[in-house]
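As a plain string of letters, each chain reads:
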Amino acid sequence: MNDVVNPDTYESLAISPRENGLYVVSLNRPSKRNALNVATIEELIRFFSGARMAGVRAVVLAGEGDHFCAGLDLVEHWKADRSADDFMHVCLRWHEAFNKMEYGGVPIIAALKGAVVGGGLELASAAHIRVMDDSTYFALPEGQRGIFTGGGATIRVSDMIGKYRMIDMVLTGRVYQGQEAVDLGLAQYMVEGSSMDKAMEIAAKVAQNLPLTNFAICSAVSHMKNMSGLDAAYAEAFVGGIVNTQPDARARLEAFANKTAARVRPNT
C-alpha cells in the first residue's frame, strides 16, 4: 500500500479506506476535542500532498468522539512559549495543509459535529462541502483568548460569510448553529441524523465523477477566484478546453446524446 494512504503510518489521523477510492480521514485526538497540534498538521500535509497521486477519489473529513475540532491546541502552544518567528512558521504549516486540501483537486466533504471552533472552523473551511448535524456549533473565539487567527479564517471564513460577520465572530466570540449557520454559508447541508452518513453519501456520489473533472472543480475554481475577471475568464476557457475534450468524457456525452443518461429533474 502506498505510504501516503497506509493507515499504519499515521498517529494523529485515523485513515480508513473504503470502496472506489473513497477514504475517511478522521482527526484522532478525541480526549483533546481533536485540537490541532503540530503533529496533526504535519500528517494532514502528508496525506493531502499525495492523495490524488495515490488514487484517492474523494475524502470524508471527520473527527473522532463528540467533536469535529476545537481548534489550535492551546495547551501545546502555551507550553511551547514560542517566539513570534516560531509561531509564524507554525501558521505557515497550517496554510500549507489547508492549501493542499482546497487546491489539491480531491473532493473533501467535512462531516461536522459538536465544536467547529477557531482553527477547527479554518480546517472545515478548507473542505469543499460541509455537512453539519444538530449538535454542530461554529465560533472564532480568538479575541477572547488574546490571540489572532492564523489558519486562514481571514481568507476562507470571510469568503463564506462576509468580512464583517467574520470580524464580529472574532471580536465577540459569537456562536452560530442550526439553520442560521447554513443560511450564512458555514455549511451547505444540515441533517437531523448523522452528518457522517450524509457526507459518505455525497462523497460516494462525487467519487463517480471523472478524476480530471473533479480536479478542475476542486482546484481551478479556487485559483480563478484569486484572479482578475479577465484572467479568470481566460483560465476557465483553458481548463474547459482540456476537461471538456478528455477521452473519458466521450462515453458520458454519448449516453446523454442517446438519452440513456440520467436527466436533471426537480427535487420531489
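- As named in an unreviewed UniProt entry, the protein chain is Crotonase/enoyl-CoA hydratase family protein, taken from Ruegeria sp. PrR005.
- The UniProt entry for the protein chain carries the following comment under Sequence similarities (unreviewed entry): "Belongs to the enoyl-CoA hydratase/isomerase family."

**Some points on the pairing of strand β6 (residues 129-133)**
Step number 1: Burial analysis of β6 places five of its five residues in the buried class, the great majority of the element.
Step number 2: Pairing geometry for β6 and strand β9 (residues 189-191), over three bridges, is parallel. The residue of β9 that forms the bridge with methionine 132 is methionine 190.

**So, the sheet that holds strand β4 (residues 108-112)**
The strands that make up a sheet pair up through hydrogen bonds in the backbone, lying either parallel or antiparallel.
Step number 1: Spatially, β1-β2-β3-β4-β6-β9 is the arrangement adopted by the six strands of the open sheet, whose pairing is mixed. Because the sheet does not close on itself, it has two edges, and the strands there are β1 (13-17) and β9. Pairs of neighbouring strands in the sheet enclose a mean axial angle of 20°, with direction left out of account.
Step number 2: Contacting β1, β2 (22-27), β3 (58-63) and β4, helix α1 (residues 38-50) crosses the sheet at an angle of about 25° to β1.
Step number 3: Relative to the sheet, helix α9 (residues 195-206) contacts β2, β3, β4, β6 and β9, its axis offset from that of β4 by approximately 170°.

**With respect to the packing of aromatic side chains**
Each pair of aromatic rings is reported with the distance of its centres and the angle of its planes.
Step number 1: Inspection of every chain in the model, using the stated rule, returns four aromatic pairs.
Step number 2: Pairing phenylalanine 47 with phenylalanine 48 gives two aromatic rings, centres 5.1 Å apart and planes at 85°, and the pair type is edge-to-face.
Step number 3: Taking the relative accessible area as the measure of exposure, phenylalanine 47 reaches 0% and is therefore buried.
Step number 4: Centroid distance tryptophan 94 to phenylalanine 98: 5.8 Å. Interplanar angle 70°. Geometry classified as edge-to-face. Of the two residues, tryptophan 94 and phenylalanine 98 both sit in helix α3 (residues 84-103), four residues apart, roughly one turn of that helix.
Step number 5: Above the face of the tyrosine 10 ring, arginine 46 is positioned so that its terminal group lies 4.0 Å from the ring centre.

**Focus on the pattern of salt bridges**
Step number 1: Enumeration according to the criterion identifies 10 salt bridges in this entry.
Step number 2: A salt bridge links arginine 46 to aspartate 3; its shortest N-O distance comes to 3.4 Å. Residue arginine 46 is located in helix α1, and its partner aspartate 3 is located in the segment before β1; the two are separated by 43 residues in the primary sequence.
Step number 3: Taking the relative accessible area as the measure of exposure, arginine 46 reaches 28% and is therefore partly exposed.
Step number 4: A salt bridge links glutamate 76 to arginine 82, with the shortest nitrogen-to-oxygen separation between them at 3.5 Å.

**Some thoughts on the domain arrangement of the protein chain**
Step number 1: Under the domain assignment, the protein chain is made up of domain 1 (7-208) and domain 2 (211-258).
Step number 2: Each partner contributes residues to the interface: domain 1 has 12 residues there, and domain 2 has 10 residues.
Step number 3: Taken together, the two surfaces of domain 1 and domain 2 that pack against each other cover about 900 Å², and 50% of this comes from carbon and sulfur.
Step number 4: By the criterion of area lost to domain 2, the three top residues of domain 1 are Arg57, Tyr103 and Gly105, representing 49% of everything that side buries.
Step number 5: Applying the counting rule to domain 1 against domain 2 returns one salt bridge.
Step number 6: A salt bridge links aspartate 159 to lysine 225; the shortest N-O distance between them is 3.1 Å.
Step number 7: Along the contact surface separating domain 1 from domain 2 lie six residue pairs in polar contact (both at pLDDT 80 or more).
Step number 8: A class-by-class count of the residues in the side of domain 1 that touches domain 2 yields four nonpolar, four polar and four charged.

**Section: the packing of helix α6 (residues 153-161) against helix α7 (residues 163-172)**
Step number 1: Here α6 crosses α7 at 120°, and the two axes come no closer than 7 Å. When the axis of α6 is compared with that of α7, the two are oblique. Classified by chirality, the crossing of α7 by α6 is right-handed. Contacts between α6 and α7 involve Ala153, Thr154, Val157, Ser158 and Ile161 from the first element and Lys163, Arg165, Met166 and Met169 from the second.

**Brief notes about the pairing of β4**
Step number 1: With five of its five residues buried, β4 lies for the most part within the structure.
Step number 2: Side chains Ile108, Ala110 and Leu112 project from β4 onto one buried face, and the interleaved Ile109 and Ala111 project onto a second face that is buried too.
Step number 3: Note that β3 and β4 share three bridges and pair parallel. From the neighbouring strand, valine 59 faces β4, where its bridge partner is isoleucine 108.
Step number 4: Where β4 lies against β6, four bridges are found, and the strand directions are parallel. Within β6, the residue paired with alanine 111 across the bridge is valine 131.

Cut-offs applied
- Residues numbered from 1 in each chain as written.
- Predicted model: local features only at pLDDT ≥ 70, side-chain atom pairs only at ≥ 80, totals over all residues.
- Heavy atoms only, no water.
- UniProt positions renumbered as here; feature names shortened; annotations may be inferred.
- Buried < 20%, exposed > 50% of the residue type's maximum accessible area, 1.4 Å probe, protein only.
- Helix = DSSP H or I, 4+ residues; strand = E, 2+ residues; numbered from the N terminus.
- Pairing = 2+ DSSP bridges.
- Axes fitted to C-alpha atoms, helices over the stretch in contact; angles between N-to-C directions.
- Contact = heavy atoms within 4.5 Å.
- Phe/Tyr/Trp six-rings, centres within 6.5 Å; stacked < 30°, edge-to-face > 60°.
- Lys NZ or Arg CZ within 6 Å of the ring centre and 35° of its normal.
- Salt bridge = Lys/Arg side-chain N within 4 Å of Asp/Glu carboxyl O.
- Domains from an automatic or database assignment.
- Buried area = accessible area lost by both parts, 1.4 Å probe.
- Polar contact = N/O pair within 3.5 Å; in protein donor to acceptor, adjacent residues only side chain to side chain.
- Nonpolar A, V, L, I, M, F, W, Y, C, P; charged D, E, K, R; others polar.
- Parallel < 35°, antiparallel > 145°, perpendicular 65-115°, else oblique.
- Left-handed = near helix turned anticlockwise from the far one by under 90°.

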